[in-house]
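Residues per chain, in single letters:
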Amino acid sequence: MSAIVLHQWEMSPFCNKVRRCLRHKGLDYSVVNYNGLLALNAAKLSAVGQLPVVDFNGVRVQDSSAIAHYLDAHYPDKPLYPHEPRALAEARLWEDWAAQSLYFYEIYFRMLDPVSLERGLNLISEGRPAYERALLKFVFKRRYPRKLKEQGLARMPREQVEAQFFARLDDIDTLLEGRAYLGGDAPNIADFSVVGQLDELIRTSDLKGRILAYPRLAAWLARC
Ligand SMILES: N[C@@H](CCC(=O)N[C@@H](CS)C(=O)NCC(=O)O)C(=O)O
């Protein structure tokens, strides 16, 4: 096994972000998946109990942002966080927006839509017995509607949520005019954070066609 181990769920947008950061740095790493009821073991990896978690030669780091900072501190080539203060501030805001806003659209479209939910369940149950998939389905159908009601999105009609989401994609498409990446010529943590979320939506939700219909956004996703 490689000296760097990513503990993950394949369908998690935060794990997707970390995979992108590791690849950006050109690092060799191995992956441990916590599909099905192995999720119970994932919760024991850190005090917070969430994934991603990365082991770096025995040093355990939990949280995608903490992992990205650790990567820059220990593998400084190809920085994830820009050095110039203004670019750094923008990148951090994008990272926070992806985690605190875009993430909720992502779970809304994936977890409340029956077809998308089945696709996600296929991913997160791969290699596990059928009863574990059924148990996860039961848990997801209870957990995510409740979470999204508290957050607010699940109290709105889907048309309104879609309108808000696509308005943000319009904004991203506009901002990408004349630039290859969100921060300019080189990719940074902003791109990996936002693309990590969008990529998982494209993979399992029925919005793929509409997301990829944005020309600049689609080209940027392909570049990332
Ligand atoms: N702030 C964390 C968020 C990670 C996160 O929300 N992970 C989800 C999977 S996408 C998780 O572990 N959920 C299980 C739980 O909260 O118990 C990060 O950036 O890594």
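Residues numbered from 1 in each chain as written. Predicted model: local features only at pLDDT ≥ 70, side-chain atom pairs only at ≥ 80, totals over all residues.

### Focus: the overall build of the protein
Here is step 1 of the chain: Along the backbone of the protein there are 10 helices and four strands.
Here is step 2 of the chain: A globule of 224 residues ought to have a C-alpha radius of gyration of about 17 Å, and the protein, at 18 Å, matches this closely.
Here is step 3 of the chain: Along the three orthogonal principal directions, the C-alpha set of the protein runs to about 50 × 45 × 30 Å.
Here is step 4 of the chain: When the 224 residues of the protein are sorted by exposure, 30% land in the buried category.
Here is step 5 of the chain: Counting only contacts in the protein whose residues sit at least 6 apart along the sequence, the fraction spanning at least 24 positions is 70%. (Helix = DSSP H or I, 4+ residues; strand = E, 2+ residues; numbered from the N terminus. Rg over C-alpha atoms; globule rule 2.2 N^0.38 Å. Buried ≥ 20, exposed ≤ 12 C-beta atoms within 10 Å, placed from the backbone. Contact = placed C-beta atoms within 7 Å.)

### Some points on the sheet that holds strand 2 (residues 30-33)
Here is step 1 of the chain: Spatial strand order, 2-1-3-4: four strands in an open sheet with mixed pairing. Of all the strands in the sheet, the pair left with one neighbour each is strand 2 and strand 4 (59-62). Taking each pair of neighbouring strands and ignoring which way they run, the sheet shows an average axis angle of 20°.
Here is step 2 of the chain: Pairing between strand 1 (residues 4-8) and strand 2: four bridges, direction parallel. Bridge pairing in strand 2 links H7 to V32.
Here is step 3 of the chain: Sheet strands in contact with helix 1 (residues 13-24) are strand 1 and strand 3 (53-56), and its direction is about 160° off that of strand 1.
Here is step 4 of the chain: The sheet contacts of helix 3 (residues 64-74) involve strand 3 and strand 4, and relative to strand 4 the element is tilted by about 135°. (Pairing = 2+ DSSP bridges. Axes fitted to C-alpha atoms, helices over the stretch in contact; angles between N-to-C directions.)

### Remarks on the pairing of strand 3
Here is step 1 of the chain: Pairing between strand 1 and strand 3: four bridges, direction antiparallel. Following the sheet pairing, L6 is matched in strand 3 by V54.
Here is step 2 of the chain: Relative to strand 4, strand 3 runs antiparallel, the two sharing four bridges. Across the sheet, the residue bridging to F56 is V59, located in strand 4.
Here is step 3 of the chain: Two successive antiparallel strands, strand 3 and strand 4, enclose a turn made up of two residues, where N57 displays a positive phi of approximately 45°.

### Looking at the site of the ligand
Here is step 1 of the chain: With respect to spatial proximity, the complete set of residues near the ligand consists of S12, P13, F14, G49, Q50, L51, P52, D63, S64, S65 and A99.
Here is step 2 of the chain: Residue composition of the shell around the ligand, grouped by class: five nonpolar, five polar and one charged. (Near = placed C-beta within 6 Å. Nonpolar A, V, L, I, M, F, W, Y, C, P; charged D, E, K, R; others polar.)

### Some points on the nonpolar core
Here is step 1 of the chain: Ranked by size, the top nonpolar core spans 40 residues in total, and within it V18, C21, Y108 and V194 carry the most contacts.
Here is step 2 of the chain: At the level of elements, helix 1, strand 3, helix 3, helix 4 (85-111), helix 7 (158-175) and helix 8 (189-204) are the ones that each hand at least two residues to this core.
Here is step 3 of the chain: At 10 residues, helix 4 tops the list of elements feeding residues into this core.
Here is step 4 of the chain: The two domains that each donate at least three residues to this core are domain 1 (4-74) and domain 2 (85-223). (Core = buried A, V, L, I, M, F, W, Y, C linked by C-beta atoms within 7 Å. Domains from an automatic or database assignment.)

### Things to note about the packing of helix 4 against helix 6 (residues 130-151)
Here is step 1 of the chain: Where helix 4 contacts helix 6, the two axes come as close as 10 Å, and the packing angle between them is 140°. Classed by the angle they form, the pair helix 4 and helix 6 counts as oblique. Read as a crossing pair, helix 4 and helix 6 show a hand that is left-handed. Residue-level inspection shows F104, I107, Y108 and M111 of helix 4 in contact with helix 6, the latter providing F140, Y144, L148 and Q151.
Here is step 2 of the chain: Grouping the amino acids of the contact of helix 4 with helix 6 by side-chain chemistry returns seven nonpolar, one polar and no charged. (Parallel < 35°, antiparallel > 145°, perpendicular 65-115°, else oblique. Left-handed = near helix turned anticlockwise from the far one by under 90°.)

### Describing the domain arrangement of the protein
Here is step 1 of the chain: You can read the domains of the protein as domain 1 (4-74) and domain 2 (85-223).
Here is step 2 of the chain: Each of domain 1 and domain 2 has a C-alpha centre, and these two points are 19 Å apart.
Here is step 3 of the chain: With 15 residues of domain 1 at the interface, the matching set in domain 2 holds 24 residues.
Here is step 4 of the chain: Elements represented by at least two residues in the side of domain 1 that touches domain 2 include exactly helix 1 and helix 3.

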